[in-house]
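Examination of the molecular architecture
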Amino acid sequence: MTGKAGNSEPETTDSLRAFGAVVKAFRGRATLTQEGLARRVGFSAGTVASIEQGRRLPPPDFIERAERVLDSFGVLRAMATQLARQPGLAAWFRQWARLEEQAISLYTYECRLVPGLLQTEAYARALFEHRIPLLTDEETETKVTARLDRQKLLRDRPNTAFSFIVDEHVFLRRTGGADVARELLDHVLETARRLRNVELQVMPLARGVHAGMDGPLRLLETPSNRWYAYCEGQRSGQLISDPKTISTLHMRYAKLRSQALTPEDSLSLLTQMRGAL
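A brief look at the structure comes next.

What to know about the pairing of strand E4 (residues 217–221)
Among the five residues of E4, five are classified as buried, and the element is accordingly described as predominantly covered. Residues of E4 alternate between two faces, with Leu217, Leu219 and Glu221 on one and Arg218 and Leu220 on the opposite face, all of them buried. Where strand E1 (residues 105–110) meets E4, five bridges bridge the pair, whose relative direction is antiparallel. Considered in E4, the bridge of Ser105 is made with Glu221. Examined bridge by bridge, E4 and strand E5 (residues 227–232) share four bridges and lie antiparallel to one another. Among the inter-strand pairings, Glu221 is bridged to a residue of E5, identified as Trp227. Between E4 and E5, which pair antiparallel in sequence order, lie five residues; one of them, Asn225, sits at a positive phi of approximately 65°.

What about unusual backbone geometry?
Geometrically, the link from Ile132 to Pro133 is a cis peptide bond, its omega value of -5° lying close to zero. On the secondary structure map, Pro133 appears in the loop between helix H7 (121–129) and helix H8 (137–150). Phi is positive for Thr31, close to 50°, though the residue is something other than glycine. By the secondary structure assignment, Thr31 is in the loop between helix H1 (14–29) and helix H2 (34–41). Judged by relative accessible area, Thr31 falls into the exposed class, the value being 70%. Not every positive phi belongs to a glycine, and Phe73 is a case in point at roughly 60°. Examined against the element boundaries, Phe73 turns out to sit in the loop between helix H4 (60–70) and helix H5 (75–80).

Quick look at the packing of H2 against helix H3 (residues 45–52)
Their axes nearest at 8 Å, the elements H2 and H3 cross at an angle of 110°. With respect to each other, H2 and H3 are oriented roughly perpendicular. The element H2 and its partner H3 pack so that their crossing is right-handed. Of the residues in H3, those touching H2 at Gln34, Glu35, Leu37 and Ala38 are Ala45, Val48, Ala49 and Glu52. Among the residues making up the contact of H2 with H3, the classes are represented as five nonpolar, one polar and two charged.

What counts, and at which threshold
- Residues numbered from 1 in each chain as written.
- Predicted model: local features only at pLDDT ≥ 70, side-chain atom pairs only at ≥ 80, totals over all residues.
- Heavy atoms only, no water.
- Buried < 20%, exposed > 50% of the residue type's maximum accessible area, 1.4 Å probe, protein only.
- Helix = DSSP H or I, 4+ residues; strand = E, 2+ residues; numbered from the N terminus.
- Pairing = 2+ DSSP bridges.
- Axes fitted to C-alpha atoms, helices over the stretch in contact; angles between N-to-C directions.
- Parallel < 35°, antiparallel > 145°, perpendicular 65-115°, else oblique.
- Left-handed = near helix turned anticlockwise from the far one by under 90°.
- Contact = heavy atoms within 4.5 Å.
- Nonpolar A, V, L, I, M, F, W, Y, C, P; charged D, E, K, R; others polar.

Encoded structure:
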């Protein structure tokens, strides 16, 4: 199974199309054009068009403002609770995100940035605000919200084993500045110490060559004990179910665990980094 490159819009679903059709009907009842509604709710005409066509999951502010402007008797607010979830997640990532929600084991190796499940709001915002091409403020908020929402997995699934291996240089980069880096390190340390289902290891810079040189990888196990893997590039993601490939990635992850610092030494190193900031 392979995910393909795409944009950040959710795939069209029946619920999105139905919501868009109802917005359009109420807009017609109010004798407003798309541009007129856009001005009244504070969004662009393009956003209104995308929502009416079922191509975009409406932001919460749009729902509330459209409810008032169109006097829709609570219909839009009620329909919004049935819309497809996971706004702000890239189209190629959503299938993996759905598997994450059921996983009993989740392994992550990352050499580019702190894994999303461990990020702070400020760190995530710094990443999205500097993405190329630039995102609108609305898109940034949607993506930050989606990323933080996924973190409930760590708290809500105490029987799921989460393993993270992160390159040391990722923490040394100080993404977002010193204040953001301090908050991030505090958050990562607290999470690893407080949650017994979370294991964090740091791949030290001193390890010149290791099993993850081909890039980031993720593995997960479903309740039926089936394993999947996921590898992500610039504008695409690949969901892998082939047992032979997964076996290879398992071997690499096992080797990474042996090459990284122990969880205890990893927390000690991060504590030293925090003290140096």
